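What follows is each chain in one-letter form.
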Amino acid sequence: MSFQVNWYNNNQFSRVKRPTGMVCKHLGLLSYVHFTMLAFNSTASNWPTFSFIGIPGLEAAHIWISIPFCVLYIMALGGNALLLILVTAEQNLHEPQFYFLAVLALTDLGLSLSTMPSVLAVFWFDARHIGLDACLTQMFFIHTLSSVESGILVAMAFDRLVAICAPLNYTRILTHYTVACLSGAAVLRGTTLLAPLPFFLKTFPFCGTNILSHSYCYYPDMLNLACGDVSFSSAYGLVFVLCTFAVDVVFIIASYMKILGTIMNLETQDRNWKSLHTCACHLCTVLVFYLPLISLAVLHRYSRDASPVLYTTMSNAYLLMTPLLNPLVYSVKSRQIQAALRKRFWVQRVIAGE
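Residues numbered from 1 in each chain as written. Predicted model: local features only at pLDDT ≥ 70, side-chain atom pairs only at ≥ 80, totals over all residues. Heavy atoms only, no water.

### Description of the environment of L201
Move 1: Among the secondary structure elements, L201 is positioned in helix 8 (residues 196-202).
Move 2: With 24 residues separating them along the chain, L201 and L225 place their C-alpha atoms 10.0 Å apart.
Move 3: In this view, L201 contacts L136, M139, F206, Y219, M222 and L223; residues no more than four positions away in its chain are not counted. (Helix = DSSP H or I, 4+ residues; strand = E, 2+ residues; numbered from the N terminus. Contact = heavy atoms within 4.5 Å.)

### Describing helix 4 (residues 96-125)
Move 1: Its 30 residues give helix 4 an end-to-end C-alpha distance of 43 Å, which sits within 8% of 44 Å, the value for a rise of 1.5 Å per residue.
Move 2: By the largest-angle criterion, M116 marks the main kink of helix 4, which is about 35°, and a proline, P117, follows within four residues.
Move 3: In terms of burial, helix 4 is a largely internal element, 22 of the 30 residues being buried.
Move 4: Of the residues one or two after helix 4, D126 is the one with positive phi, at around 55°. (Expected span 1.5 Å × (residues − 1). Bend = angle between axes of the 7 residues up to and from the residue. Buried < 20%, exposed > 50% of the residue type's maximum accessible area, 1.4 Å probe, protein only.)

### A word on the state of the cysteines
Move 1: In this structure the tally under the stated criterion is two disulfides.
Move 2: Shown here is the disulfide that connects C135 with C217, its sulfur atoms set 1.9 Å apart. Linking C135 and C217, the disulfide has an S-S dihedral of approximately -120° and is accordingly described as left-handed. Within this pair, whereas C135 is found in helix 5 (residues 132-165), its partner C217 is found in the loop between helix 8 and helix 9 (219-225), the two being separated by 82 residues in sequence.
Move 3: Two residues share a disulfide in this structure: C207 and C227, whose sulfurs sit 1.6 Å from each other. Taking the sign of the torsion about the S-S bond as the criterion, the disulfide between C207 and C227, at about -105°, is left-handed. You can see C207 sitting in the loop between helix 8 and helix 9 and its partner C227 sitting in the loop between helix 9 and helix 10 (231-264), a full 20 residues away along the chain. (Disulfide = S-S within 2.5 Å.)

Given below as structure tokens:
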């Protein structure tokens, strides 16, 4: 009797363990769906989205605020494109200082195109969200191009240093090869030092609302949103600033101290003024670039309770005013650029039959 009961129980157990083919299919489908949902949820948690802000408190007027922003972007793009065309087309501008100016204009074009889509998308379409990969890509280009621009400003300071302090050796030192090497070094330095930053941020989880302080992705801003120990990434960001912007500022200051000493030793006041006038464009460009940059860095590090409107104003001044003002500065201050503009404008009028 016990043998029959055990046999019956074993048989029932075996029948439970062997479901029919239809049941197997349903169980397999449910398992697949369950696994897919788990994978999707895991992916969604590992790839966060970030939210841009426009101008806090003025959300209802964003469509009107976008009009001056759009005009400024068009002016920045048009002005830098015009500088590139002039340097390329005019034989009189085929000099080292204008080659550096062309690289500077190309960098400003890249900066404008890096930030314009996200800024105008917030104002026009209220499109505030961006994925992690897109945000890291935008951040990489913004910081890399800013580093390249700083390096080109150093190269332009070196150009002025050689032109004033060693004018007889200018053509021998500032050759096409030297211009290409200095420009390439600026690009290589920015790309190499900035390459690890997106990988650092990608290793951190992001918790909270992930609301950025600007209308674009900025490394210190994203680092503040990361969870976990960010001391190494923060230290690397500080090392990057010291190795690029701080070193560049020191070199530019040292160059102009040497230039000023050389100018003061010239015999006539007229020659002093003419020599100093050749540096006016570069000095204005340096101030336009570094003042908003330093102000924004100080604001991020020491003024965490500052008004969001102040953050937005400084961030837009940092990345919009530099590409906008550089062509204007050189159009007003550089006589060679003015002559090239007049020549081009006169040729166009002649072609048009006016």
